[in-house]
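Coordinate analysis (summary)
These are the residues of each chain, in order.
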Amino acid sequence: MAKAAIGQICSSNSMAHNLEQCVKLVGQAAAAGAKILFLPEASDYIGTSAAESIALAKPVATSPFVAGLRSAAAQHKLAVHVGIHVPVLVKLASSPPTPTTNATTDAAVASNPVLTSIPQTEDAATIASLSLTSSSSSSSSSTTSPVSAGKEAGKEAGKEEEPSPKIKLYNRTIYIRPDGTLLHPAGSYDKLHLFDYPDARLRESATTQAGSSFTPPFDSPVGRLGSLICFDLRFPEAALHLARPPPPPPPTPSSSVGTRTGAAPAPAAEAPKPAQILLYPSAFTVPTGRAHWSALLRARAIETQSWVVAAAQVGRHNPGSAASARVSYGRSLVVDPWGRVALSLRGVTEDGGDAEDGAVGELGVVDIDLDEWERVREQMPLVRRTDVYPEI
């Protein structure tokens with residue numbers, strides 16, 4: 001049994017202030033005897049506009065937020081799991097296939113309304129070069145955008161117009177080891193399901209590039225972690241995929257084969273072990289939080305028989321700005337494999353206008369008992385009828 005800490009913050013467009021909140025929680029978590037600190041989605045910043053969100057994003061290698069958090073983790077010998085933004089160069093899904101994609105990929109993207117672009121690279125130098133070029137072009141002409149200039153040049157040359165490259169964001173979680181090093185890519189996850197919610201005037205797919213794969217569960221001081229983010233919570237298939245036991249190994253090849261070739265058969269690749277703790281760092285809206293937050297988290301814990309940890313943003317983001325209408329629900333939760341709430345932090349006020357006193361910067365500490373994970377699975381075995389419905 002080991003102690004895990006869950007921290008709540010209210011991110012703004014000040015990365016320095018957000019880092020200050022997180023570093024303070026790192027120190028408090030270590031002092032409380034925790035072995036790991038779980039922080040919310042978008043802990044590095046929440047911008048006031050789509051344009052500002054793109055402008056604030058930094059590659060992991062050059063992010064001052066990541067560097068500061070790594071330093072704090074190493075100082076306190078504490079593992080940290082945290083949500084950040086990472087810039088990525090994309091091409092529009094409707095543009096012709098390139099050598100890095102194919103018609104099959106484009107067709108799959110076109111069939112999903114939140115997959116409007118295809119990632120190309122998150123190389124820091126490439127993205128910095130594009131940003132500088134765009135900035136230079138914008139400042140040299142107040143009437144012609146870089147996109148328009150490119151199109152006009154193409155027309156003059158008699159060439160078919162090529163879509164301009166575009167920067168989007170990965171909504172990513174990263175894992176920092178207790179010595180301050182990053183577990184990457186094995187500990188990094190890009191959000192699969194994007195939150196397009198017209199009633200809240202939120203369309204994540206406009207600025208965010210959806211992830212393309214799961215991250216296999218990986219070890220931490222409190223158990224194997226299965227990474228998901230916020231809106232992923234509404235899709236039980238994702239949780240079941242990470243928490244299911246590994247399939248049985250394939251039959252071992254006949255030993256006679258090895259005798260004939262003079263070499264022993266290659267061992268089968270080890271299947272990923274199931275997650276013991278599912279993670280949902282989040283920034284839930286107030287209406288959806290009140291209606292579904294606790295119910296969904298408990299459901300994911302019960303149906304997967306796993307611990308669930310959900311560190312949440314709380315309160316009004318960027319008060320005083322035009323974007324100050326955005327408020328996050330808070331109420332970070334930890335749920336055990338039987339569905340019992342083991343920890344619950346504060347949330348928003350009754351009118352939903354801001355955080356309750358003490359909610360921003362609140363820290364909770366809970367014992368993660370992996371014996372309970374094993375006990376629930378042994379006493380309530382879930383044998384699926386995959387002869388009737390497909391295995392997830």
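Counting restarts for each chain, with residues numbered from 1 along the sequence as it is written. At least 70 in pLDDT is required for a residue's local features to be given in this predicted model, at least 80 for side-chain atom pairs to be given and counted, and no such filter applies to totals for whole chains, interfaces and linings, which use all residues. Here the side-chain values reflect all heavy atoms present in the structure, with hydrogen atoms and water set aside.

Section: the overall build of the chain
Runs of H or I in DSSP of at least four residues are treated as helices and runs of E of at least two as strands, each being numbered from the N terminus. Assigned secondary structure in the chain consists of ten helices and 16 strands. Per-residue burial over the chain gives 46% buried out of 392 residues. At a minimum sequence separation of 6, the contacts of the chain that also span at least 24 residues come to 75%. When the accessible area of the chain is evaluated, it comes to approximately 19000 Å², of which 56% is carbon and sulfur surface. Remark: exposure states derive from per-residue accessible area (1.4 Å probe, protein chains only) relative to the maximum for the residue type, with buried under 20%, exposed over 50%, and partly exposed in between. Two residues qualify as a contact provided that any one of their heavy atoms is within 4.5 Å of a heavy atom in the partner residue. Only the protein chains shown count as covering a residue, and every accessible area follows the Shrake-Rupley method with a 1.4 Å probe.

A word on the packing of aromatic side chains
Note on ring pairs: Phe, Tyr and Trp rings are taken, using the six-membered ring of Trp, and paired if centres are within 6.5 Å. Classes follow the plane angle, with under 30 degrees stacked, over 60 edge-to-face and the rest tilted. Across all of its chains, the model carries four aromatic pairs by this definition. Pairing F231 with F235 gives two aromatic rings, centres 5.6 Å apart and planes at 80°, and the pair type is edge-to-face. A residue is classified by how much of its surface remains accessible, and F231, at 17% relative accessible area, is buried. Residue classification places F235 among the partly exposed positions, given a relative accessible area of 26%. Members of the aromatic cluster, joined through ring pairs, are F195, F231 and F235.

Digging into a nonpolar patch on the surface
Candidate patch residues must exceed 30% relative accessible area and have no salt bridge, after which like charges are joined if within 9 Å and Val, Leu, Ile, Met, Phe, Trp or Tyr side chains if within 5 Å. Salt bridge, as used here, is a side-chain nitrogen of Lys or Arg placed within 4 Å of a carboxyl oxygen of Asp or Glu. Together, W338, M380 and L382 make up an exposed nonpolar region whose accessible area comes to about 300 Å². The topology assignment puts L382 in the segment after α10 (370–379).

Here's the deal with the environment of L297
Within the secondary structure, L297 is located in helix α9 (residues 286–304). Sequence spacing of L297 and V308 is eleven residues, and the spatial spacing of their C-alpha atoms is 6.9 Å. When sequence neighbours within four positions are dropped, the list of residues in contact with L297 reads L233, Y280, V308, A310, L333 and V335.

Some thoughts on the environment of F284
Within the element layout of this structure, F284 appears in the loop between β10 (277–279) and α9. What makes F284 buried here is its relative accessible area of 5%. Between the C-alpha atoms of F284 and V327, which are 43 residues apart in sequence, the distance is 8.5 Å. Not counting chain neighbours up to four residues away, the residues in contact with F284 comprise C230, L233, R234, G289, W293, V327, S328 and Y329.

Considerations on the nonpolar core
Ranked by internal contacts, the top residues of the largest apolar core, which has 30 residues, are L37, L39, F65, L69, V80, V82 and I84. Within the residue set of this core, elements represented by two or more residues are α1 (15–31), α3 (64–76), β3 (79–92) and β5 (166–176). Leaving out residues up to four positions away in the same chain, L37 has contacts with A5, I6, G7, C22, L25, V26, A29, L78, A79, V80, H81 and L363. Here, nonpolar core means buried Ala, Val, Leu, Ile, Met, Phe, Trp, Tyr and Cys residues that are tied together by side-chain atoms lying within 4.5 Å of each other. In this structure, Y189, I229, L278 and V286 belong to the second largest nonpolar core, which totals 26 residues.

Focus: the pattern of salt bridges
Under the definition given, this model contains 14 salt bridges. Between R331 and E356 there is a salt bridge whose closest N-O contact spans 3.3 Å. Note that R331 is positioned in the loop between β13 (327–329) and β14 (333–335) and E356 in the loop between β15 (341–344) and β16 (363–368), a separation of 25 residues in sequence. Owing to a relative accessible area of 26%, R331 belongs among the partly exposed residues under this scheme. For the salt bridge of R340 with D336, the shortest nitrogen-to-oxygen distance reads 2.7 Å. The structure contains a network of salt bridges with shared partners spanning D336, R340, D369, E372 and R375.

Things to note about the sheet that holds strand β11 (residues 307–310)
Strand pairing is assigned whenever DSSP identifies at least 2 bridges connecting the two strands. Read across the sheet, five strands follow the order β9-β10-β11-β14-β15 without closing on themselves; strand pairing throughout is mixed. A single partner strand is all that each edge strand has here, and the edge strands are β9 (225–227) and β15. Across the sheet, the mean angle separating the axes of adjacent strands is 15° when strand polarity is ignored. Relative to β11, β10 runs parallel, the two being bridged by three bridges. All axes here are fitted lines through C-alpha atoms, helices being fitted over the stretch that makes contact, and every angle between N-to-C directions spans 0 to 180 degrees.

As for the pairing of β5
Extensive coverage of β5 is indicated by the burial of ten of its eleven residues. The pairing of β3 with β5 spans eleven bridges and is antiparallel. Among the inter-strand pairings, V90 is bridged to a residue of β5, identified as K166. One ladder, built from two bridges, connects β5 with strand β6 (residues 189–190); its direction is antiparallel. Residue pairing across strands places R172 opposite D190, the latter belonging to β6.

Structural notes on α1
Between the first and last residue of a helix there are one fewer steps than residues, each counted as 1.5 Å, and that sum is the expected span. Under the 1.5 Å per step criterion, the end-to-end length of α1 is 24 Å for 17 residues, consistent within 8% with the ideal 24 Å. If you check which residues of α1 are buried, you get M15, N18, L19, Q21, C22, L25, V26, G27 and A29. Where α1 is buried, its residues contact β1 (2–7), β2 (36–38), α2 (50–56), α3, β3 and β16. G33 lies just past α1 and shows a positive phi near 90°.

Details of the pairing of β1
Most of β1 is tucked away, with five of its six residues classed as buried. Both β1 and β16 contribute to a ladder of six bridges, which runs antiparallel. In the sheet register, G7 faces β16, and the bridge partner there is L363. Two strands pair when backbone bridges link them, and β1 and β2 are joined in this way by three bridges, in the parallel orientation. The residue bridging I6 from the neighbouring strand is F38, located in β2. In the classification by handedness, the crossover that spans β1, the intervening α1 and the parallel β2 is right-handed. Orient the strands so they point away from the viewer; a crossover is then right-handed if the path from the first strand over the helix to the second runs clockwise.

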